[in-house]
Each structure stands twice: as C-alpha cells, then as structure tokens.
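Report on the structure
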Amino acid sequence: MIKRTLFLLLLSSAGLASAAQLTDMETRWLTAGSAVLAYAKQELNLPIDITVQPQARATDVPLALGFQDGRCKLVLSMRGNPGAEDILAGLPAEQRPLMIEAMVAHEIGHCWRYAQGVWHALPAGFEQAAQVPAQEQAQALRLTRREEGFADLVALAWTQHRHPQDYATVAAWMRQVRQPATAGTAGSHGTLAWLQLAPSGAAFDPAQPLFEQAASLWRQGLLREE
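Residues numbered from 1 in each chain as written. Predicted model: local features only at pLDDT ≥ 70, side-chain atom pairs only at ≥ 80, totals over all residues. Heavy atoms only, no water.

Here's the deal with the packing of aromatic side chains
- Within the structure shown, the criterion is met by 7 aromatic pairs.
- Between the aromatic rings of tyrosine 39 and tryptophan 158, the centroid separation amounts to 5.5 Å while the plane-to-plane angle is 50°, which identifies the pairing as tilted. You can see tyrosine 39 sitting in helix α3 (residues 34-43) and its partner tryptophan 158 sitting in helix α5 (residues 136-162), a full 119 residues away along the chain.
- Assessed through its relative accessible area of 18%, tyrosine 39 is described here as buried.
- Their ring planes at 15° and their centres at 6.0 Å tell us that tryptophan 112 and phenylalanine 150 sit as a pair that is stacked. On the criterion of sequence distance, the pair formed by tryptophan 112 in helix α4 (residues 96-115) and phenylalanine 150 in helix α5 is long-range, its members being 38 residues apart.
- The ring centre of phenylalanine 150 lies 5.5 Å from the NZ or CZ of arginine 113, which sits over that ring. (Phe/Tyr/Trp six-rings, centres within 6.5 Å; stacked < 30°, edge-to-face > 60°. Helix = DSSP H or I, 4+ residues; strand = E, 2+ residues; numbered from the N terminus. Buried < 20%, exposed > 50% of the residue type's maximum accessible area, 1.4 Å probe, protein only. Lys NZ or Arg CZ within 6 Å of the ring centre and 35° of its normal.)

Quick look at the sheet that holds strand β2 (residues 63-68)
- With mixed pairing, the 3 strands of this open sheet are ordered in space as β1-β3-β2. Taken across any chain shown, the strands that pair with only one partner, and hence form the sheet edges, are β1 (48-52) and β2. Averaged over neighbouring strand pairs, the angle between their axes works out to 30° when direction is ignored.
- Bridge count between β2 and strand β3 (residues 71-76): 6 bridges; the pairing is antiparallel. From the neighbouring strand, phenylalanine 67 faces β3, where its bridge partner is cysteine 72. (Pairing = 2+ DSSP bridges. Axes fitted to C-alpha atoms, helices over the stretch in contact; angles between N-to-C directions.)

Re the state of the cysteines
- Tallying each qualifying case throughout the model produces 1 disulfide.
- Paired by a disulfide, cysteine 72 and cysteine 111 hold their sulfur atoms 2.2 Å apart. Every disulfide takes its handedness from the sign of the S-S torsion; for cysteine 72 and cysteine 111 that torsion is 95°, giving right-handed. One end of the pair, cysteine 72, is in strand β3; the other, cysteine 111, is in helix α4, with 39 residues separating them in the sequence. Residues cysteine 72 and cysteine 111 agree in their burial class; the two are buried. (Disulfide = S-S within 2.5 Å.)

Focus: helix α2 (residues 24-32)
- Those residues of α2 not exposed but buried are Glu26, Trp29, Leu30 and Ala32. With its buried residues spanning 160° around the axis, α2 presents them on a single face. (Arc of directions from axis to C-beta.)

Regarding the packing of α4 against helix α6 (residues 167-177)
- Close contact between α4 and α6 brings their axes to 10 Å; oriented N to C, the two are set at 65°. Judged by the angle between their axes, α4 and α6 are roughly perpendicular. Here α4 and α6 pass one another in a crossing that is right-handed. In this structure, α4 contributes Leu98, Met99, Ala102 and Met103 to the contact, and α6 contributes Thr169, Val170 and Trp173.
- Looking at the contact of α4 with α6 residue by residue, the class counts come to 6 nonpolar, 1 polar and no charged. (Parallel < 35°, antiparallel > 145°, perpendicular 65-115°, else oblique. Left-handed = near helix turned anticlockwise from the far one by under 90°. Contact = heavy atoms within 4.5 Å. Nonpolar A, V, L, I, M, F, W, Y, C, P; charged D, E, K, R; others polar.)

Some points on the nonpolar core
- Residues Leu74, Leu88, Ile108, Leu153, Leu156 and Phe204 are the most contacted members of the largest nonpolar core, which totals 55 residues.
- The greatest single-element share of this core, amounting to 9 residues, is contributed by α4.
- For leucine 74, the contacting residues outside a window of four places in its chain are Leu37, Ile48, Asp49, Ile50, Thr51, Leu63, Ala64, Leu65 and Glu107. (Core = buried A, V, L, I, M, F, W, Y, C linked by side-chain atoms within 4.5 Å.)

Digging into the packing of α4 against α5
- Look at α4 against α5: their axes get within 7 Å of each other, and the N-to-C directions meet at 125°. With respect to α5, the axis of α4 lies oblique. Judged by the twist between their axes, the crossing of α4 over α5 is right-handed. Contacts between α4 and α5 pair Glu101, Ala102, Ala105, His106, Gly109, His110, Trp112 and Arg113 from the former with Glu147, Glu148, Phe150, Ala151, Asp152, Val154, Ala155, Trp158, Thr159 and Arg162 from the latter.
- Class assignment of the residues belonging to the contact of α4 with α5 gives a composition of 8 nonpolar, 4 polar and 6 charged.

Considerations on the environment of leucine 22
- Following the sequence through the fold, leucine 22 ends up in the loop between α1 (4-14) and α2.
- You can call leucine 22 buried: its relative accessible area is 8%.
- Between the C-alpha atom of leucine 22 and that of valine 52, which follows or precedes it by 30 residues, the distance is 8.6 Å.

Here's the deal with the pairing of β1
- Across the 5 residues of β1, 4 count as buried, placing the element largely inside the fold.
- Note: β1 against β3, 5 bridges, orientation parallel. Within the sheet, the bridge partner assigned to valine 52 lies in β3 and is leucine 76.

Below, the structure written as structure tokens:
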C-alpha cells in the first residue's frame, strides 16, 4: 500500500483535497509509480506536479508529461477514457504495476532532460545537421524519437535498479509496445534502436548514476541513428 506521507504529497501536487477524489484507476497508477515519484521529488528535487484531467479527450494517452512555467506536469487522462489501460491488455494482473512503474520512470526521464535544460539537445560531441525547410517534419519526428529513446532507457535503468529479477519481462514488453505499426517505419516513438542496446540489465553500469546509465547507451544509439 502506498505510504500515507507520499500519498499526501501526491495529492497535494495534484491539487486534490483527499484520496476520495481519485478514481480507483488513478489510485492504482499512482501507487504503482510511487517509488519513482518519491525519487524524483525527494532525491532529485525535480520540479514536477501531478495533474488529473477531469475528462479525457479522444486522443489522450493515460499518462503523459508536459511542461509549463518551468515545471514538469505529469498528466493523468483516465476519466472518460475507455482505452486508458489498453496498453496493459494481455498482461497478468501481477505484472501490471511493474509496467506502470516503468511508464512513470519514462516520464521522469523526460522531466529530468527538461530540468537540465537539454530538451531536444544533442550531447557534447554530436552535431545537429542543418535544417532544410522541406525536411522540417522529419526533423521534428527525429527529435521526439531521440527523447523517447532516452526516456525508455531511463525506464529500463530504473527497472534494473529496483526490480532486476523482472528486467527481462519489462524489457520484452517495452519492445513489444514499441514495435512499429507498419514494417520498416519508425514513428516518433520508434525506439527499438535504443531498446536493443539493453537486452539485459547487464547493459547498465550500476557504478554510474541512474541517468548517466541511460545517457551512456543513448549516445551509442545516436551514433547508429540513420
């Protein structure tokens, strides 16, 4: 069960008066991600708030991260969203909290990049090709895909740190989720090039800080990027 002190912290961040105002689904997802959120808030001091949408739009995903006024906004869009848990379909009930925790870690990876002031920026030693107007859309997809690749590696590094015995299960599920809808295409979330660099938890160096573990593999993926 989620610890009362952390639960109150989450409620305060969400602007909610009491736990009774959360739905069962929202409570389950926040509970599953509580360790990640505690790490982000208490150890990293990331500027992150939690927002619960009163009514999801047709195109909303259940969990997303936005940025506003210098702060990260973890947005839950589950109310009125019949497909909110479709991403977990087919998973045994006991595995679902693991996958939700990995998704929350993914979003924290985005927040960390934003807080560091390096959102859409390449690391030192890499050069961004000059943008050609006719290729603006392709470049936008590439920038988003790079950030998604980094965040996916953060999710895997977190899983190896917290649940090494479940790493293979989480990694296999992430590869399945990231499979392109059409063979040979890589959309904005086509991160398989990065996920394939971490087939097992041994890909991560436990002597490094969590985000540097992810960044090290991320840079390798950038070198292979087409």
